[in-house]
Amino acid sequence: MARLILSLDNQVLAEYNMSKERYTIGRLPDNDVRIDNPAVSGHHSLIINILNDSFLEDLNSTNGTYVNGKLIKKHALQHGDVITIGHHQLRFSDHHAFETEQDEFEKTMVIPAGQQNADQLARAERAADEAAKASSPPTVDDDAGVKLDDDEAAALSDSSTPKRSPVSHTATATGIDASNAPSALPMAKLQVLSGAFAGRELELTKALTTLGRPGVQVAAITRRAEGYYIVHVESGEENDYPLVNGKPIGDKARKLTDNDVVQLAGVKMGFFMS
């Protein structure tokens, strides 16, 4: 079901579920969407809903009706259109259209498991493993270091230097107490920044998400304890690597950070962590 969201100066005033065929917008009380403002005509504009389509018409208003900044007489509404009437805005939201476009984006860019090349993905996984290990801090062996003789050891044990207490975790019914455990990896998503699917989002909930267009450019994003890594899988041309912040990632895995811009198979996407 489509909705209208009425706002003024970025403050939402009301929402209208469009369950009827006709909706009038204007200043007078008999309108379905009443905007009590002198800049709005008594009966300013009309929306007609026919099946899954919605059409906006200006009713010869004094100040005109605008859609996305352009003066209109009649207009076929699309999801995300912003209608300006006087000083107020009405955002048209069509959830059916949004979900359809979202499905089309995922069908176009997300490669199902059955269509993935196992050998290529195995190489990508190994590259991500190597990158994750390289980015991990080195471990410190408490037993390693300078070896002391007996007199030095005795002197050290009698010193007033406080000894470091071992770190302990509280056991619970489900294992380690979460208050002492390392923080979980934040969730992340990709948001399309350009093209027909601009604004579409893809949550990176899987351990491995393969994106792109086979024969053109394909990359995998792996989700690991150390973070999210993007790895080149294949491309139609040699050394045609995906870009992160305008630079080719090469044949090694690259760790993604918040607000990185990924360009893959002609689609520019933002990487965002929550």
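Keep in mind the model is a prediction, meaning the values are calculated, not measured. (Residues numbered from 1 in each chain as written. Predicted model: local features only at pLDDT ≥ 70, side-chain atom pairs only at ≥ 80, totals over all residues. Heavy atoms only, no water.)

Turning our attention to the overall build of the chain. For the chain, the count of helices and strands is three helices and 23 strands. The buried share of the chain, taken over its 274 residues, is 35%. (Helix = DSSP H or I, 4+ residues; strand = E, 2+ residues; numbered from the N terminus. Buried < 20%, exposed > 50% of the residue type's maximum accessible area, 1.4 Å probe, protein only.)

Another point: the nonpolar core. Where a protein is soluble and globular, its nonpolar side chains tend to be buried together. By size, the foremost hydrophobic cluster in this structure holds 20 residues, and its most contacted members are Ile 221 and Ile 230. Residue assignment for this core shows that the elements contributing at least two residues are strand 14 (188-192), strand 17 (217-224), strand 18 (227-235), strand 22 (261-264) and strand 23 (267-273). Counting residues in each nonpolar core, the second largest holds 19 residues, with Leu 6, Tyr 23, Leu 56 and Ile 83 among its members. (Core = buried A, V, L, I, M, F, W, Y, C linked by side-chain atoms within 4.5 Å.)

Across the sheet, six strands lie side by side as 15-14-23-22-19-20; this open sheet has antiparallel pairing. For this open sheet the edge positions go to strand 15 (201-203) and strand 20 (247-248), each flanked by a neighbour on one side alone. As judged from the five bridges shared by strand 14 and strand 23, these two strands associate in the antiparallel manner. Considered in strand 23, the bridge of Gln 191 is made with Gly 270. (Pairing = 2+ DSSP bridges.)

With that settled, the discussion passes to the pattern of salt bridges. Applying the stated criterion across every chain yields a total of six salt bridges. Here Lys 189 makes a salt bridge to Glu 201, at a shortest N to O gap of 3.1 Å. Here Glu 201 lies in strand 15 and Lys 189 lies in strand 14, a separation of twelve residues in the sequence. (Salt bridge = Lys/Arg side-chain N within 4 Å of Asp/Glu carboxyl O.)

This next bit is on the environment of Leu 28. Mapped onto the elements of the fold, Leu 28 is located in the loop between strand 3 (22-26) and strand 4 (33-34). Through-space distance from the C-alpha of Leu 28 to that of Gly 42 is 5.0 Å; in sequence the pair is 14 residues apart. Leaving out residues up to four positions away in the same chain, Leu 28 has contacts with Arg 34, Gly 42 and His 43. (Contact = heavy atoms within 4.5 Å.)

It is worth spelling out unusual backbone geometry at this point. Excluding glycine, residues mostly carry a negative phi; peptide bonds, for their part, are mostly trans. Here the phi dihedral of Asn 60 falls at roughly 55°; this positive angle occurs in a residue that is not glycine. Within the secondary structure layout, Asn 60 lies in the loop between strand 6 (53-58) and strand 7 (65-67). Take Asn 60: its relative accessible area is 67%, and that puts it in the exposed class. Despite not being glycine, Asn 245 has its phi angle at roughly 55°, a positive value. Of note, Asn 245 is situated in the loop between strand 19 (243-244) and strand 20.

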